[in-house]
Amino acid sequence: SAFSASPMLVKSGSRAATSALSGMKMQEDMSASVPFLPRPAALDGTMVGDVGFDPLGFTTKYDIKWLRESELKHGRICMLASLGCIVQEIVHLPFAATSNPVASEAFFQVPAGGLWQIFAGIGVAEHLSNNFKMSGSTMFSEGRTPGNLGFDPLGFGKNEAARARYELAEIKNGRLAMLGFSGMIHGCFITGKGPIGTLTSLDWHQSF
């Protein structure tokens, strides 16, 4: 009839819909963070902060929960280390061994006995927090969520919506801190100054 679509238009519309669906499927199969690489199978979006970033394929070789545990712990350490790297330029204990404002140099001023105590303490904390299950295959056998050590003294995680926001904030700030601390400590190696000392000694009027 005059009001019926022609067969050519119907076929063309069907092809366009099929093409659009195919394009959407391809987008789902590609990494959100690296769009020209396929999304790793283990990174299915169920973990907080998952953007499909695994260009070296670690998720195909190691347990994803073990990798997330490692990411969270390194992020937490680097958040503390970034703060410490800055604060010790301003505030430090009044002893010769704690008076160096440059983190990369201050580390080597700590007596060997003190360093061994720190390393031993870290090892004991790791073993106790994981009930002496240290491999990726056994660490989460009791159902523990990666990174969850039951530490929430202020009760921030009681509200589920708030907990989700805090978990995302932690993973993002942890990733930023890992990059930030890497930059700060390399700056200490190169300039022989801490972050604040480096920034305040720059010639901001220098022309290039």
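To be clear, the structure that these remarks concern was listed above.
Residues numbered from 1 in each chain as written. Predicted model: local features only at pLDDT ≥ 70, side-chain atom pairs only at ≥ 80, totals over all residues. Heavy atoms only, no water.

S.K.: I tried to follow helix H5 (residues 160-191) on my own but got confused; where do I start?
M.R.: Side chains three or four residues apart in an α-helix point the same way, a direct result of the helix having 3.6 residues per turn. For H5, spanning 32 residues, the distance from its first C-alpha to its last is 45 Å, which sits close to the expected 46 Å at 1.5 Å a residue. Here H5 has its buried residues at Ala162, Ile171, Gly174, Ala177, Met184, Ile185 and Cys188. Each element contacted by the buried residues of H5 is listed here: helix H2 (64-87), helix H3 (103-106) and helix H6 (195-200). The distance from a side-chain oxygen at the start of H5 to the backbone nitrogen of Ala161 is 3.0 Å, and the residue carrying that oxygen is Asn159. (Helix = DSSP H or I, 4+ residues; strand = E, 2+ residues; numbered from the N terminus. Expected span 1.5 Å × (residues − 1). Buried < 20%, exposed > 50% of the residue type's maximum accessible area, 1.4 Å probe, protein only. Contact = heavy atoms within 4.5 Å. Polar contact = N/O pair within 3.5 Å; in protein donor to acceptor, adjacent residues only side chain to side chain.)

S.K.: Got a minute to help me understand the environment of Gly150 in this structure?
M.R.: Checked against the element boundaries, Gly150 lands in the loop between helix H4 (112-129) and H5. Residues Gly150 and Ser129, spaced 21 residues apart in sequence, show a C-alpha to C-alpha distance of 9.6 Å.

S.K.: What exactly am I supposed to notice about H2 here?
M.R.: If you check H2, its first and last C-alpha atoms are 35 Å apart, about what 24 residues at 1.5 Å a residue would give, namely 34 Å. When we look at burial in H2, the residues that qualify are Leu67, Arg68, Glu69, Leu72, Lys73, Gly75, Cys78, Ser82 and Cys85. For H2, the secondary structure elements touched by its buried residues are H3, H4, H5 and H6.

S.K.: Looking at this structure, how should I read a nonpolar patch on the surface?
M.R.: Taken together, Phe107, Phe108, Val110, Trp116, Ile118, Phe119 and Ile122 make up a surface patch of nonpolar side chains, about 780 Å² in accessible area. For Ile118, the position within the fold is in helix H4. (Patch = residues over 30% accessible without salt bridge, like charges linked within 9 Å, V, L, I, M, F, W, Y side chains within 5 Å. Areas by Shrake-Rupley, 256 points an atom, 1.4 Å probe, with all protein chains shown as cover. Salt bridge = Lys/Arg side-chain N within 4 Å of Asp/Glu carboxyl O.)

S.K.: Which parts of the structure should I look at to understand the packing of H2 against H5?
M.R.: Geometrically, a packed helix pair is captured by the angle between its two axes and the distance between the axes. H5 packs onto H2 with a crossing angle of 50 degrees between their chain directions and a minimal axis gap of 7 Å. Classified by the angle between their axes, H2 and H5 sit oblique to one another. As for how H2 packs across H5, the hand of that crossing is left-handed. Of the residues in H5, those in contact with Arg68, Glu71, Leu72, His74, Gly75, Arg76, Cys78, Met79, Ala81, Ser82, Cys85 and Ile86 of H2 are Glu170, Ile171, Asn173, Gly174, Arg175, Ala177, Met178, Phe181, Met184 and Cys188. (Axes fitted to C-alpha atoms, helices over the stretch in contact; angles between N-to-C directions. Parallel < 35°, antiparallel > 145°, perpendicular 65-115°, else oblique. Left-handed = near helix turned anticlockwise from the far one by under 90°.)

S.K.: Even after reading the chapter, I still don't get the packing of aromatic side chains, so can you show me in this structure?
M.R.: To describe a pair of aromatic rings, you give the distance between the ring centres and the angle between the ring planes. Evaluated as defined, the whole model comprises 5 aromatic pairs. Ring geometry for Tyr62 and Trp66: centres 5.9 Å apart, planes at 35 degrees, overall tilted. A residue is classified by how much of its surface remains accessible, and Trp66, at 32% relative accessible area, is partly exposed. Ring centres 5.3 Å apart and planes at 45 degrees place the aromatic pair Phe156 and Tyr166 in the tilted group. Highlighted residues: Phe156 in the loop between H4 and H5 and Tyr166 in helix H5, separated in sequence by 10 residues. (Phe/Tyr/Trp six-rings, centres within 6.5 Å; stacked < 30°, edge-to-face > 60°.)

S.K.: Before we go on, may I ask you to explain the pattern of salt bridges in this structure?
M.R.: Should their charged atoms come close, side chains of opposite charge can pair. This model, assessed by the stated rule, comprises 8 salt bridges. Among the salt bridges present, the one from Glu69 reaches Arg144, with a minimum N-O distance of 3.1 Å. Placement of the pair is Glu69 in helix H2 and Arg144 in the loop between H4 and H5, with a sequence separation of 75 residues. Accessibility classification places Glu69 together with Arg144 in one group, the buried group.

S.K.: Please clarify how unusual backbone geometry should be interpreted in this entry.
M.R.: Not every positive phi belongs to a glycine, and Asn131 is a case in point at roughly 50 degrees. Structurally, Asn131 can be placed in the loop between H4 and H5. For Asn131, a relative accessible area of 45% translates into the label partly exposed. The phi torsion at Phe132 lies on the positive side, around 65 degrees, for a residue other than glycine. Counting through the fold element by element, Phe132 comes out in the loop between H4 and H5. Residue Phe132 is classed as exposed on the basis of its relative accessible area, which comes to 58%.

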